[in-house]
Amino acid sequence: MSWVTAGVVLALGCLVAAGIAAITTDWLPPLGRDRVLRPRLWGYGALVSALGSGVFAFLGPFRGPDIRMAPYVLSGTAVFLVGSALQMAARRPGRPATPPAS
């Protein structure tokens, strides 16, 4: 295993750990803690982003230049962008609860 692969695995592992911590305990890493209003949504976004990054990295550039891997690379990028959109949505306030109609 090369140093680059080990670094990517470590970074993705840290992102997954932060996502799980945000989902289960509402804890966020200190870097963007003041901006995030919904930590659980941020955690789900972190998990989806880590999944997309892993698919992109390990089925794309680390496998070598092969055109057959293009669908995996594009799908990994799309999943990463969905996770990033979830993390950005976590910075916005949620909808207010509406009382049930009677």
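Preceding this paragraph is the structure being described.
First things first, this report covers the structure right here in the doc. The shown structure was predicted, so the numbers you read here are calculated from the model rather than taken from an experiment.

Each value, and the rule that gives it
Residues numbered from 1 in each chain as written. Predicted model: local features only at pLDDT ≥ 70, side-chain atom pairs only at ≥ 80, totals over all residues. Heavy atoms only, no water. Salt bridge = Lys/Arg side-chain N within 4 Å of Asp/Glu carboxyl O. Helix = DSSP H or I, 4+ residues; strand = E, 2+ residues; numbered from the N terminus. Buried < 20%, exposed > 50% of the residue type's maximum accessible area, 1.4 Å probe, protein only. Axes fitted to C-alpha atoms, helices over the stretch in contact; angles between N-to-C directions. Parallel < 35°, antiparallel > 145°, perpendicular 65-115°, else oblique. Left-handed = near helix turned anticlockwise from the far one by under 90°.

## A look at the pattern of salt bridges
Taken as a whole, this structure holds one salt bridge when the rule is applied. Between Asp26 and Arg40 there is a salt bridge; the shortest N-O distance is 3.4 Å. Pair noted here: Asp26 is in the loop between helix H1 (3–25) and helix H2 (39–59) and Arg40 is in helix H2, with a separation of 14 residues, a long-range link. The class for Asp26 is partly exposed, based on a relative accessible area of 40%. Using a relative accessible area of 46% as the deciding quantity, one classes Arg40 as partly exposed.

## Here we look at the environment of Ser53
Within the element layout of this structure, Ser53 appears in helix H2. Spatially, the C-alpha atoms of Ser53 and Thr77 are 7.0 Å apart, while their sequence positions differ by 24 residues.

## Quick word on the packing of H2 against helix H3 (residues 70–89)
One can describe the packing of H2 onto H3 by two numbers: an axis separation of 7 Å at closest approach and a directional angle of 160°. As judged from the angle between their axes, H2 and H3 are roughly antiparallel. The crossing of H2 and H3 is left-handed.

Everything listed is a geometric property; what it means functionally is a separate question.
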